[in-house]
Amino acid sequence: MAHNFMSTLTASFAMPAAENPTVAVMDAVFAHHGMNARYLNCEIQPRSLGDAVRGALAMGFAGFNCSLPHKVAVVEYLDELAPSAAIIGAVNCVVITDGRLIGENTDGKGFVESLRTVADPGGQRLTIFGAGGAARAIAIESALAGAASITIVNTTESRGRELVALINEHTPAAADFVLWDHRYAVPATTNIVINATSIGLFPDIEARLNIEPATLLSSMVVADVIPNPPRTLLLQDAAANGCTTLDGMGMLVNQGRVAIKLWTGVDVDGRIMRQTLESLFA
Ligand code: NDP
């Protein structure tokens with residue numbers, strides 16, 4: 001049976017398909033597993049989103065990804081939201097099953113899968129920098145995976161407090177907020193430190209988080225969402241202190257693996273996806 005995929009993309013992601021990293025990664029892994037599947041890159045204007053979703057359904061697509069600005073707007077065209085997507089309030093992956101459109105958020109799931117390669121979030125104390133889309137997905141999914149406490153550190157107070165309220169109201173984890181207006185010392189009780197801001201993303205690779213590097217202890221796991229470059233200054237500082245580190249490429253690969261599993265039921269080899277990404281980001 002043929003599986004079709006559509007990716008709804010924004011004007012800011014308007015690269016030719018052959019240069020789109022997601023398309024290249026999906027093509028590589030589908031070819032590796034001999035899957036009869038295609039992943040297309042479609043640039044959808046906000047006014048056409050409803051038509052695009054109805055088109056995907058009409059054409060028998062297995063599902064599609066949504067990037068900004070469609071992640072929230074797409075919700076009104078869906079039949080159902082998976083539990084974490086409902087809490088996060090944003091969808092980056094839609095699964096079409098028996099004519100029903102189900103909204104998922106695979107960013108946080110991808111992060112937790114990546115995290116589980118080094119530590120289980122269950123019972124852990126997390127410190128997360130940032131309160132945007134990536135931070136929301138990571139915080140909610142980690143909380144649903146059993147994290148004991150989550151401290152949100154953010155420069156915009158309203159955004160940070162909104163995320164803290166979301167975690168406290170909808171998950172069993174205990175969340176608190178720290179306004180990031182000073183050089184932050186990571187509490188020694190923290191088990192897992194996560195940069196979920198855009199600090200360090202190419203081309204600003206010399207940018208550093210405003211933290212005391214010496215407070216990253218060897219007992220901590222330090223994770224970064226930045227996929228490019230994978231070895232950010234945060235991860236270099238953490239590794240120098242003996243911390244266990246986790247890069248953003250793992251999260252990127254795993255959110256794609258989770259999406260493919262949801263669409264096709266196939267567990268694909270993340271190493272092929274990572275190798276393809278590494279060759280593109282080299
Ligand atoms: P948003 O714009 O929604 O949020 C950005 C966050 O970063 C905000 O909390 C913002 O703070 C904070 N921030 C940005 N610059 C600074 C700075 N100089 N100092 C302090 N805080 C700062 O972006 P997303 O959450 O969607 O994405 C964040 C990053 O995550 C991106 O770099 C993206 O590439 C990456 N990402 C990686 C994924 C992966 O699979 N590896 C998946 C999704 C995203 P404030 O609220 O104060 O503005």
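Residues numbered from 1 in each chain as written. Predicted model: local features only at pLDDT ≥ 70, side-chain atom pairs only at ≥ 80, totals over all residues. Heavy atoms only, no water.

The name given to the protein in an unreviewed UniProt entry is shikimate dehydrogenase (NADP(+)), and the organism recorded there is freshwater metagenome.

As far as domains go, the protein holds domain 1 (4–104 + 251–281) and domain 2 (109–247). Centre-to-centre, using C-alpha coordinates, domain 1 lies 25 Å away from domain 2. On the side of domain 2, 17 residues touch domain 1, which itself brings twelve residues to the contact. In total, about 1,400 Å² of surface goes out of reach between domain 1 and domain 2, with carbon and sulfur atoms giving 64% of it. The largest per-residue losses of area from domain 1 upon contact with domain 2 belong to Ile-87, Ile-88 and Met-251, which jointly make up 49% of the total buried on that side. Viewed at the interface, domain 2 and domain 1 are joined by three salt bridges. (Domains from an automatic or database assignment. Contact = heavy atoms within 4.5 Å. Buried area = accessible area lost by both parts, 1.4 Å probe. Salt bridge = Lys/Arg side-chain N within 4 Å of Asp/Glu carboxyl O.)

Moving on, we come to the confidence of the model for the protein. Of all residues in the protein, 93% have pLDDT values of 70 or greater, and the mean over the chain is 91. Low pLDDT, under 50, characterises residues 6–18; the stretch is placed with 43 contacts to residues that sit more than four places away or in other chains. (pLDDT = per-residue confidence, 0-100.)

With respect to spatial proximity, 21 residues lie near the ligand, and among them Ala-131, Ala-134, Thr-155, Thr-156 and Val-225 are the closest. In the environment of the ligand, an oxygen atom lies 3.5 Å from a nitrogen or oxygen atom belonging to the backbone of Gly-132. At 2.6 Å, a side-chain N or O of Thr-156 approaches an oxygen atom of the ligand. A total of 930 Å² of accessible area belongs to the ligand in isolation, and the protein chains cover 71% of it. When residues of the shell around the ligand are traced back to their parent elements, those giving at least two are α6 (133–144) and α9 (248–264). If one sorts the elements of the shell around the ligand by residue count, α9 sits on top with three residues. Considered class by class, the residues forming the shell around the ligand number ten nonpolar, nine polar and two charged. (Near = heavy atom within 4 Å. Polar contact = N/O pair within 3.5 Å; in protein donor to acceptor, adjacent residues only side chain to side chain. Areas by Shrake-Rupley, 256 points an atom, 1.4 Å probe, with all protein chains shown as cover. Helix = DSSP H or I, 4+ residues; strand = E, 2+ residues; numbered from the N terminus. Nonpolar A, V, L, I, M, F, W, Y, C, P; charged D, E, K, R; others polar.)

Turning next to the environment of Asp-27. Of note, Asp-27 is situated in helix α1 (residues 21–32). For the pair Asp-27 and Ala-148, spaced 121 residues apart in sequence, the C-alpha separation works out to 39 Å.

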